[in-house]
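# Geometric and topological summary
One-letter residues, chain by chain:
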There are 2 protein chains.
Amino acid sequence: MSDQKTTTHERLLQEAAALFARRGYSGTSMSDIAREVGVRKASLYNYYPSKADLLMDLLEQSLSSWSQACDQRSEGIDDTEGRLAAHLQSAVDFSRAHPQAMALIRLATAQVPGDLRRRVQSRCSDYETKWRQEMTGLFQEAVDRGEVQSSDPAILALFWSVFLDGILVNRVFATEKTDSVVSSLQSLWEFFWRGVSGTSPHTEISL
Amino acid sequence: MSDQKTTTHERLLQEAAALFARRGYSGTSMSDIAREVGVRKASLYNYYPSKADLLMDLLEQSLSSWSQACDQRSEGIDDTEGRLAAHLQSAVDFSRAHPQAMALIRLATAQVPGDLRRRVQSRCSDYETKWRQEMTGLFQEAVDRGEVQSSDPAILALFWSVFLDGILVNRVFATEKTDSVVSSLQSLWEFFWRGVSGTSPHTEISL
DNA sequence: CCTACCGATCGGTAGG
DNA sequence: CCTACCGATCGGTAGG
């Protein structure tokens, strides 16, 4: 049974993520999850005291693996253009590799019952605030160095987040056309960069 | 009781839209809706044979009022830039005026149970396909006239949809920062247009 | 990790 | 538009 080397807890996390992502929080019952894991419902409560705590743990893991993936690639890069391109590529790579984690993060901003909603939103907005500040700082430097056209760095960061959101939403929710964004990513990036800098990028986005 | 001039059916549609938008389809019960409408649950079944049919009617209404709002404003305009700007403004105006309709449309691409999901997605992808074709045609003309930099019109339309999605997702899901997109819309539009045309727009987006 | 069970609520129906 | 009710399932617990 080398098939069964995963622990029950690991399978629980994986199947719960898949179900929450596909059917939503309220649309997934603990019995559904138990069935996929291959145990009885009551057994799940040895790992989490409630369904809400299970979701919060999944969200925590998704957010941290997401931010880790996005941060690491741009570490050694100095110029703004290269860092943005690296960030874009990390984000798209991650969303392809871990669609369930992306869906979980989206869940947060969508429909969960009242109390849980507040927990989830505060966790997400912590991350969002930190990210927004980092990006604004990055664009501030870019403006100072003349790498982009002089403009309010907060608005540049806003355009950047609009662009990224548009790409990731397409990737997460799209039905059949999912891969058109991926295969045209280089062109999309060129449009974006020309919009903020007035010049064509020299960076290449490789899939 | 001039308070009560609305019919029960009208209140049903309104309250159901509000609840589905806030808590999702599975997260909203027929009892919840009945409570808001001010009748007993059984009475709702005089208007719709099932919860799923209620959702489909709401989705139908949301999609048609959305497309109507977006189409009408760009009717008298000839140049691509002006038409896109009008479309952008209509879309943002509509999402501010009818956030529930927007949320309903998003619901479609998110979590609903299996059978209903297929009905909902086919309805939405019909609309999406039609829209995509229109936009590709519009960009084809723009390329032919030299209004934008020579490029594949399908990819220009893709960038356009990424941009719009990014803005609307921000508007729909945002917690507190909702209005930063609205107040910076002119700047975002300038970035977008410079990206596709290489020149600054002469159109002004007014809030 | 299981069997057995809890009260509450689900979508929906009967019949008026 | 109501009261009264259906079987099924919900999240969660007791006790082992």
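Residues numbered from 1 in each chain as written. Chains lettered and ligands numbered in written order. Predicted model: local features only at pLDDT ≥ 70, side-chain atom pairs only at ≥ 80, totals over all residues. Heavy atoms only, no water.

## Observations regarding the relation of the copies chain B and chain A
Note on the copies: chain B fits chain A at an RMSD of 0.0 Å, the axial shift is 0.0 Å, and the rotation between them is 180 degrees. Taken together, the rotation angle and the small translation identify this as a two-fold axis. When the interface residues of chain B are mapped onto chain A, 100% of them again fall at the interface, so both copies present the same face. (Least-squares fit on C-alpha atoms with pLDDT ≥ 70 in both. Contact = heavy atoms within 4.5 Å.)

## Some remarks on the protein's contact with DNA strand C
Near DNA strand C there are 16 residues, and of these T8, R40, S43 and N46 of chain A together with K41 of chain B occur at the shortest range. One of the side-chain N or O atoms of Y47 of chain A is found 2.9 Å from a phosphate oxygen in DNA strand C. For DNA strand C, a phosphate oxygen lies 2.9 Å from a polar atom in the backbone of M30 of chain B. Going through the elements one at a time, α3 (41–44) of chain A together with α2 (30–37) and α3 (41–44) of chain B are the ones with two or more residues in the surface near DNA strand C. Grouping the constituent residues of the surface near DNA strand C by class yields six nonpolar, seven polar and three charged. (Near = heavy atom within 4 Å. Polar contact = N/O pair within 3.5 Å; in protein donor to acceptor, adjacent residues only side chain to side chain. Helix = DSSP H or I, 4+ residues; strand = E, 2+ residues; numbered from the N terminus. Nonpolar A, V, L, I, M, F, W, Y, C, P; charged D, E, K, R; others polar.)

## Things to note about the nonpolar core
Counting 134 residues, the largest nonpolar core has W160 of chain A together with W160 of chain B as its most contacted members. Setting aside chain neighbours within four positions, we find W160 of chain A in contact with L84, H87, L88, W131, M135, F139, W189 and F192 of chain A. (Core = buried A, V, L, I, M, F, W, Y, C linked by side-chain atoms within 4.5 Å. Buried < 20%, exposed > 50% of the residue type's maximum accessible area, 1.4 Å probe, protein only.)

## Some words on the interface of chain B and chain A
The partner chain A presents 44 residues to the 44 residues of chain B that form the contact. Carbon and sulfur atoms supply 65% of the area buried between chain B and chain A, which totals about 3400 Å² over both sides. For the interface between chain B and chain A, the tally reads zero salt bridges. Linking chain B to chain A there are six residue pairs in polar contact (both at pLDDT 80 or more). Secondary structure elements with two or more residues in the side of chain B that touches chain A: α1 (8–23), α6 (99–109), α7 (114–145), α8 (153–173), α9 (178–183) and α10 (185–197) of chain B. Looking at the side of chain B that touches chain A residue by residue, the class counts come to 18 nonpolar, 17 polar and nine charged. (Buried area = accessible area lost by both parts, 1.4 Å probe. Salt bridge = Lys/Arg side-chain N within 4 Å of Asp/Glu carboxyl O.)

## What about the domain arrangement of chain A?
Residues and elements named next belong to chain A. Its domain assignment divides chain A into domain 1 (1–47) and domain 2 (55–197). Using C-alpha coordinates to define each centre, domain 1 is positioned 29 Å away from domain 2. Facing the ten residues of domain 1 at the interface are twelve residues of domain 2. Taken over both partners, the interface formed by domain 1 and domain 2 buries close to 830 Å², and the fraction arising from carbon and sulfur atoms is 78%. For the domain 1 face of the interface with domain 2, the top three residues by lost area are L13, F20 and Y25, together amounting to 57%. Joining domain 1 to domain 2, the criterion identifies zero salt bridges. For the pair domain 1 and domain 2, the number of links is zero residue pairs in polar contact (both at pLDDT 80 or more). (Domains from an automatic or database assignment.)

## Quick look at the packing of aromatic side chains
Residue and element names in this part refer to chain A. Applying the stated rule across the entire model yields 20 aromatic pairs over all chains. A ring pair is formed by W66 and F94, whose centres lie 5.4 Å apart and whose planes are at 70 degrees; its orientation type is edge-to-face. Taken together, the residues span a long stretch of sequence, with W66 in helix α4 (residues 51–73) and F94 in helix α5 (residues 80–97) at a distance of 28 residues. By the burial criterion, W66 is buried, and F94 matches it. Over the ring of Y25 we find K51; its NZ or CZ atom is 4.4 Å from the centre of that ring. (Phe/Tyr/Trp six-rings, centres within 6.5 Å; stacked < 30°, edge-to-face > 60°. Lys NZ or Arg CZ within 6 Å of the ring centre and 35° of its normal.)

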